[in-house]
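Residues per chain are reported as follows:
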Amino acid sequence: MSAANPIRHISDTALWVAVYRAQESERADAVFRDPYARKLAGDRGMQIAAAMPFAERHSWSYIARTWLVDQVIERQVQQGTDMVINLAAGLDSRPYRMQLPASLRWVEVDLPDMLNYKQEVLGAEKPVCAVERAPLDLRDTAARRALFQRLGEEAKRVLVISEGLIVYFEADEAAELARDLSAPLSFRLWVTDLASPALLKMLQKAIGGPLVAAGSPLKFAPPEGPEFFARYGWKVVETRSLLKTAAKLKRLSFGMRLLSLLPDPAGRKPDKPWGGVCVLENSGPARSGLTTTK
């Protein structure tokens, strides 16, 4: 790793983001606790984070994203979700650190090397629910569809998570993934993060260089915002701003707190910098019992 190119591969971003979870967990007023994050990040994670000062100053966005996704998981598990599928799971440790029912199935999908590394680090730890690791390159469309079909047949109510994933996709790749995820009727909800075009430009300028050098440029920020997914089988039921959430969690500097007072464009104004978490509902046959919060 060089100072100019701290990230060698897309998987390195998991090491980097784990550093921010570790830092949050070590605060007295932590909004979540991830006791595994520091070990998972390792020395390389610390080196990458040190080489990305812009990201360090805006680590509140990763904290807000983690907290928001935690909230969705807790709510949906209470409403009967029996399987969580975490796409590009990286070094997420939710099935180890969250209070989840033992009956829940948690499926982690990622590249083999990432899953092997995670198993090495967490091998002695016991998850709170059943964890299955599915080694898969999500660009392998046939293998992806086969996995989704199998899992869809094995569960009744599935929550899909994609954190820090689709921003690396082309628009047509994101559309194809959305179609594939909407095919199994048991895939009820999908929670994903999303950026507006204005925010994407900011991120490309601030942190995009190392990602481009690693062959993983930031790409996806649809002008229509969350409504992009409507034509591919997904209805928007909730959007939550990372900035406003970080303000609520008291993780912003004074200047950023002032910005958080502006109206929330909810990702629907392409010229406004916005990053958030979106909850999407599979718009197949009518479903009952889903809580929709605007």
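Below is a summary of the structure that appears in this document. Counting restarts for each chain: residues are numbered from 1 in the order of the written sequence. Reporting in this predicted model follows two pLDDT cut-offs: at least 70 for local features of residues, and 80 or more for side-chain atom pairs to be given and counted; totals over whole chains, interfaces and linings ignore these cut-offs and use all residues. To get the side-chain values, take all heavy atoms of the structure and skip hydrogens and water.

## Focus: the overall build of the protein chain
Going along the chain from the N terminus, every DSSP run of H or I of four or more residues is numbered as a helix, and every run of E of two or more is numbered as a strand. In terms of helices and strands, the protein chain carries 12 helices and 7 strands. A globule of 294 residues ought to have a C-alpha radius of gyration of about 19 Å, and the protein chain, at 18 Å, matches this closely. On the principal axes, the C-alpha backbone points of the protein chain span a range of 45 × 45 × 35 Å. Counting across all 294 residues of the protein chain, residues that qualify as buried make up 56%. By definition, residues are in contact when any of their heavy atoms lie within 4.5 Å. For the protein chain, long-range pairs separated by at least 24 residues make up 78% of all intrachain contacts whose partners lie at least 6 apart in sequence. Summed over its atoms, the accessible surface of the protein chain is roughly 13,100 Å², and 54% of this surface lies on carbon and sulfur atoms. Looking at charge distribution, the protein chain has the averaged site of its 40 positive side-chain charges lying 6 Å from that of its 34 negative ones. Our radius of gyration looks at C-alpha atoms and nothing else; its globule reference is 2.2 Å times the residue count to the power 0.38. A 1.4 Å probe rolled over the protein chains alone gives each residue an accessible area, and that area as a share of the maximum for its type sets the label: buried under 20%, exposed over 50%, partly exposed in between. Accessible surface is estimated by sampling points in the Shrake-Rupley manner with a 1.4 Å probe; for residues, cover comes only from the protein chains shown. Neither His nor the chain ends is counted toward charge; the positive residues are Lys and Arg and the negative residues Asp and Glu. Where a charge lies is defined by one atom per residue type, namely NZ (Lys), CZ (Arg), CG (Asp) and CD (Glu).

## Brief notes about the sheet that holds strand E2 (residues 105-110)
If DSSP finds at least two bridges between two strands, the strands pair. Here we have 7 strands laid out as an open sheet, ordered E3-E2-E1-E4-E5-E7-E6, and mixed in their pairing. Edge positions in the sheet fall to strand E3 (130-135) and strand E6 (234-241), since each has one partner strand and no second. Taking each pair of neighbouring strands and ignoring which way they run, the sheet shows an average axis angle of 20°. Bridge count for E2 against E3 is 6 bridges, and the pairing is parallel. The residue bridging Glu108 from the neighbouring strand is Arg133, located in E3. On the sheet, helix H4 (residues 60-78) packs against E2, strand E4 (158-162), strand E5 (187-195), E6 and strand E7 (275-282) and is oriented at approximately 175° with respect to E4. Each of E2 and E3 touches helix H6 (residues 112-122); the most contacted strand, E3, lies at about 145° to it. Lines fitted to C-alpha atoms define the axes here, with helix axes fitted over just the stretch in contact, and angles between the N-to-C directions of these axes take values from 0 to 180 degrees.

## Comments concerning the packing of helix H2 (residues 37-50) against H6
Contact geometry of H2 with H6 gives a least axis separation of 10 Å together with a crossing angle of 120°. Compared by their axis directions, H2 and H6 come out oblique. The way H2 lies across H6 gives a crossing that is right-handed. In this structure, H2 contributes Lys39, Leu40 and Ala41 to the contact, and H6 contributes Tyr117, Lys118, Val121 and Leu122. Under this scheme an angle from 65 to 115 degrees is roughly perpendicular, one under 35 degrees roughly parallel, and one over 145 degrees roughly antiparallel; angles in between are oblique. Whether a crossing is left-handed or right-handed is set by the direction in which the near helix is turned from the far one by less than a right angle, anticlockwise for left-handed and clockwise for right-handed.

## Here we look at the nonpolar core
Grouped together as the largest cluster of nonpolar side chains are 34 residues, with contacts concentrated most on Ile85, Leu87, Trp190 and Phe229. Where this core is concerned, the elements lending two or more residues are strand E1 (83-87), E2, helix H7 (141-154), E4, helix H8 (171-182), E5, E6 and E7. With 5 residues, H8 is the largest single contributor of residues to this core. Not counting the four nearest positions on each side in its chain, Leu87 is found in contact with Val109, Leu138, Phe148, Val160, Ile161, Ser162, Glu163, Leu165, Leu177 and Leu181. Only buried residues count toward a nonpolar core. Its members are Ala, Val, Leu, Ile, Met, Phe, Trp, Tyr and Cys residues joined through side-chain atoms within 4.5 Å.

## Remarks on the side chain of Thr245
The residue Thr245 is located in helix H11 (residues 242-248) in this model. Of the residues examined, Thr245 reaches a relative accessible area of 4% and is grouped as buried. When neighbours within four sequence positions are excluded, Thr245 is seen to be in contact with Ala64, Trp67, Leu68 and Arg240.

## Focus: unusual backbone geometry
Positive phi is not limited to glycine here, since Lys250 has a value of about 60°. Here Lys250 lies in the loop between H11 and helix H12 (254-259). By relative accessible area, which is 68% here, Lys250 ends up exposed. Even without being glycine, Ala266 reaches a positive phi, approximately 55°. Positionally, Ala266 belongs in the loop between H12 and E7.

## A look at the packing of helix H1 (residues 12-25) against H2
Running from amino to carboxyl end, H1 crosses H2 at an angle of 110°, the nearest separation of the two axes being 7 Å. One element, H1, and the other, H2, form an angle in the roughly perpendicular class. As for how H1 packs across H2, the hand of that crossing is left-handed. Facing Asp12, Leu15, Trp16, Ala18, Val19, Tyr20, Arg21, Ala22 and Gln23 of H1, the residues of H2 in contact are Ala37, Arg38, Leu40, Ala41, Arg44, Gly45, Met46, Ile48 and Ala49. For the contact of H1 with H2, a count of residues per class yields 12 nonpolar, 2 polar and 4 charged. For this classification, Asp, Glu, Lys and Arg are treated as charged, while Ala, Val, Leu, Ile, Met, Phe, Trp, Tyr, Cys and Pro are nonpolar and the rest, including Gly, are polar.

Purely geometric numbers; function is a separate question.
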